[in-house]
Amino acid sequence: MATCKAAVFVGANKPLAIQEFPIPALEDGATLVRMEMAAVCGTDVHAAHYAASPFPVIFGHENVGVIAEMNGGPTHDVLGQPLQPGDRIIFRSAACGKCFNCSVGESCQHSRPYGMMRCDEPPHLRGGFGQYLYLDPDPWILRVPDEMSTERALLSVVGNHTLLNGIERIGGVDPGATVVVQGAGPIGMGALIQAKVAGAGRGIVIGAPSSRLELARAMGADETIDIGELREPAARVERVRELTGGRGADLVMECSGGSTAFQEGLEMARYAGKFLVVGQWTDYGPQPINPSLVTRKSLRLNGVFSGAPRHIIRSLQVMQSAVRYPVERLITHRFPLDRVNDDFAAHERLEAMIPVILPNQ
């Protein structure tokens, strides 16, 4: 029986282990994907240190792969484009279409995300950090246009689809608006790119290190604020006020996950402005927050987690037709599968903006 390799999370604070798995025979309707590129997400890095994370798991939920084999699976993608072996694809588990979330047009509450399932039972190959990935019958597949780079296609599911969802929820970006992005990581870059595409006139990015702020400027940032230089929250708030004529930003998008960022964002938004919260995934416990700012400033406040299938479609289309920034530069580190732990280390040390695994190189 043919086999392949995958990097497996085997427990908190342990290196990912390269293990060998059988390449399974396909059940009716299933698809085998040969992995081309998988991003190391901050969620993966956090999970690798979290004692309650289930294991064993093959991480990798931001993926681009190539159809290797089909067994009566879908003949067309979600846009009606024909599918065949050799096509590059973005994919996810199919929605059930019956739960409450599906009924109101949100992400299915019963979906089982690839890259987050246990791999100790067949067909094992459930994440992008492997040479192959097994798609269950009736998968959700979006074909990558032939003329699009794999890097650009991957970036459509790294931050950008989530921010499309968030901007939709917050009521859009007003033409010419001043937007502050808290955080200069992959989510922050997605916020900046999508805000600019949506019509923002001015983008201000807050973060560190300087290499990330340099990339932010290449992605359209008009000003940057280095938290290594302005270490106190009050100083960062004051700098935003200076840059906005004392009013504050039309839209603030919190993409850092920092423990003080929520309160800072409330203070940075102008009267009747908008505040989108994306980065507060890590539970720090109770934080000092002044909720009266929401009322006294008549703020519109929204949170967002990930995106629905429609946002992935839109994100890929926007990347192809509207994003003119050199987004490929955001992928700063590339490693073969057997160096997956080096990729994680580069992410944790903030040396990498978006590190990726090339499972078949």
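Just so it is clear, the model here is predicted, and its values are computed rather than measured.

Asks: What am I meant to see in the sheet that holds strand 10 (residues 223–226) here?
Replies: The strands making up a sheet associate through hydrogen bonds between their backbones, and the pairing can be parallel or antiparallel. With parallel pairing, the 6 strands of this open sheet are ordered in space as 10-9-8-11-12-13. Every other strand in the sheet has two partners, leaving strand 10 and strand 13 (300–303) as the edge strands with one partner each. The mean angle between the axes of side-by-side strands here comes to 15°, regardless of whether they run parallel or antiparallel. Across 4 bridges, strand 12 (residues 269–277) lies against strand 13 in parallel orientation. Of the residues in strand 13, the one forming a bridge with valine 277 is glycine 303. Relative to the sheet, helix 3 (residues 150–170) contacts strand 11 (249–254), strand 12 and strand 13, its axis offset from that of strand 12 by approximately 145°.

Asks: Just to check I follow, could you spell out the side chain of aspartate 343 for this structure?
Replies: Relative to the helices and strands, aspartate 343 resides in helix 10 (residues 340–348). Buried charge without a partner: aspartate 343 forms no salt bridge, and the closest opposite charge is arginine 339, 8.2 Å away.

Asks: I'm lost on the pairing of strand 9 (residues 202–207) in this one. Help?
Replies: For a regular strand, side-chain orientation follows a simple rule: the groups alternate between the two sheet faces. In terms of burial, strand 9 is a largely internal element, 5 of the 6 residues being buried. Both strand 8 (residues 178–182) and strand 9 contribute to a ladder of 5 bridges, which runs parallel. Bridged to threonine 178 within strand 9 is arginine 202. Since strand 8 and strand 9 lie parallel, the crossover through helix 4 (residues 186–197) that links them has a hand, and here it is right-handed. Two strands pair when backbone bridges link them, and strand 9 and strand 10 are joined in this way by 4 bridges, in the parallel orientation. Across the sheet, glycine 207 pairs through a bridge with aspartate 226, a residue of strand 10. Remark: the strand 9/helix 5 (residues 210–218)/strand 10 crossover connection has right-handed handedness.

The rules we used
Residues numbered from 1 in each chain as written. Predicted model: local features only at pLDDT ≥ 70, side-chain atom pairs only at ≥ 80, totals over all residues. Heavy atoms only, no water. Pairing = 2+ DSSP bridges. Helix = DSSP H or I, 4+ residues; strand = E, 2+ residues; numbered from the N terminus. Axes fitted to C-alpha atoms, helices over the stretch in contact; angles between N-to-C directions. Contact = heavy atoms within 4.5 Å. Buried < 20%, exposed > 50% of the residue type's maximum accessible area, 1.4 Å probe, protein only. Lys, Arg positive; Asp, Glu negative; His and termini not counted. Salt bridge = Lys/Arg side-chain N within 4 Å of Asp/Glu carboxyl O. Right-handed = clockwise from strand over helix to strand, strands pointing away.

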